[in-house]
Amino acid sequence: MRRLLHLPHSTQHSQTSDVLPLIENVLNEMAEADDWPVTLTMRANLILEELMLNTLTHGDTSGLTEINLDLESESHALTIHVTDDGSPFNPLTDAPEPDLTLPLSERPIGGLGVYLVRTMGEEIEYRREDNRNHLKLVVRPES
Amino acid sequence: MKFSHERSGDTLVVNASGRVDGSNASDFLDSLQGTFDPGDQRIILNLSSLEYISSAGLRVLLMAAQNLDKQEKSLSVCSMTEAVGDVFRISGFDQIIDVFPSVEDAKQG
């Protein structure tokens, strides 16, 4: 099953509270159609939420006018291809690795989102082309 | 997202259900901390009906755990679904927050 989502962005529209339910609905539909294991549905939701939050709320969003999502599910693997015209952001290199060995009292609040994308996503490819971020990754259920 | 809670002695069990994502994580923290009484020493968060948690949800859970830790109180979680447990494990949260298979196990600590 394949789904394409076009999310136009302006200061009045496409806030995270609008985008997240939209993504949830599409993923639920795909999960039902292709009989996804629960950990795949969870991972797909989580990765897309982190990516959308990053694009919509972090850094300079003044130039952002649209986000395009291409989602393709086959044999319990979801391929996600995101393009946006926001400021350059490479999730592979542009966010620090969190230290997961720190005790409770020393754990910094936040900084996990991109780490979860890198950990749960496979075959991650990023390129900046034509003033757009192109990110492609594959999500599979817990192995 | 919905909350209910029951208290016995100094132990508070909070049942959280639904989804915690970037759009409601701060409400989640307010609702969770709103159930706490000064006399509660042990908070057990029952996540059996929690369908989804993202890093925004983990973030507020960490804030709650750290606040309780500072007051020398404890937060543990129990009854996580497979999918929520997967996120917990990958984030290393199972290393800093005690995880139990059931409410009864958590009470026995």
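Before going further, it helps to spend a moment on the overall build of chain A. Regarding its fold elements, chain A presents three helices and five strands. Along chain A, from the amino end to the carboxyl end, the secondary structure elements read β-α-α-β-β-α-β-β. For 143 residues, the compact-globule estimate of 2.2 N^0.38 gives 15 Å, and chain A sits close to it at 15 Å. A total of 143 residues make up chain A; the buried ones form 36% of that total.

A word on the packing of helix H1 (residues 25–34) of chain B against helix H2 (residues 55–70) of chain B. All names here are of chain B. Look at H1 against H2: their axes get within 9 Å of each other, and the N-to-C directions meet at 30°. Relative to H2, H1 is oriented roughly parallel. When you trace H1 past H2, the crossing you get is right-handed. Only Ala 56, Gly 57, Arg 59, Val 60, Met 63 and Ala 64 of H2 make contact with H1, whose side of the interface consists of Ala 25, Ser 26, Phe 28, Leu 29, Leu 32 and Gln 33.

All names here are of chain A. Across the two faces of strand S2 (residues 66–74) the burial differs, with Ile 67, Leu 69, Leu 71 and Ser 73 buried and Glu 66, Asn 68, Asp 70, Glu 72 and Glu 74 not buried at all. Bridge count for strand S1 (residues 2–8) against S2 is seven bridges, and the pairing is antiparallel. The residue of S2 that forms the bridge with His 6 is Asn 68. In this structure, S2 lies alongside strand S3 (residues 77–84), joined through eight bridges in antiparallel fashion.

Turning our attention to the interface of chain A and chain B. In this complex, chain A contributes 24 residues to the contact, which on the side of chain B involves 22 residues. In terms of residue class, the side of chain A that touches chain B is made up of twelve nonpolar, eight polar and four charged.

Quick look at the sheet that holds strand S3 (residues 42–53) of chain B now. Residues and elements named next belong to chain B. As summarised here, the arrangement of the five strands in space is S1-S2-S3-S4-S5, forming an open sheet in which the pairing is mixed. With partners counted over all chains shown, the strands left at the sheet margins are strand S1 (2–8) and strand S5 (98–100), one partner each. Strand-to-strand twist of the sheet, defined as the mean angle between neighbouring strand axes without regard to direction, takes the value 25°. Here S3 runs beside strand S4 (residues 74–78); their pairing, made up of five bridges, is parallel. When the bridges of S4 are listed, Leu 45 appears paired with Val 77. H2 contacts strand S2 (11–20), S3 and S4 of the sheet and is inclined by roughly 140° relative to S4.

Turning next to the confidence of the model for chain B. Mean pLDDT over chain B stands at 95; residues scoring 70 or higher make up 100%. Scored as a whole, the predicted complex attains pTM 0.90, and scored at its interfaces, ipTM 0.89.

Definitions and limits used
Residues numbered from 1 in each chain as written. Chains lettered and ligands numbered in written order. Predicted model: local features only at pLDDT ≥ 70, side-chain atom pairs only at ≥ 80, totals over all residues. Helix = DSSP H or I, 4+ residues; strand = E, 2+ residues; numbered from the N terminus. Rg over C-alpha atoms; globule rule 2.2 N^0.38 Å. Buried ≥ 20, exposed ≤ 12 C-beta atoms within 10 Å, placed from the backbone. Axes fitted to C-alpha atoms, helices over the stretch in contact; angles between N-to-C directions. Parallel < 35°, antiparallel > 145°, perpendicular 65-115°, else oblique. Left-handed = near helix turned anticlockwise from the far one by under 90°. Contact = placed C-beta atoms within 7 Å. Pairing = 2+ DSSP bridges. Nonpolar A, V, L, I, M, F, W, Y, C, P; charged D, E, K, R; others polar. pLDDT = per-residue confidence, 0-100.

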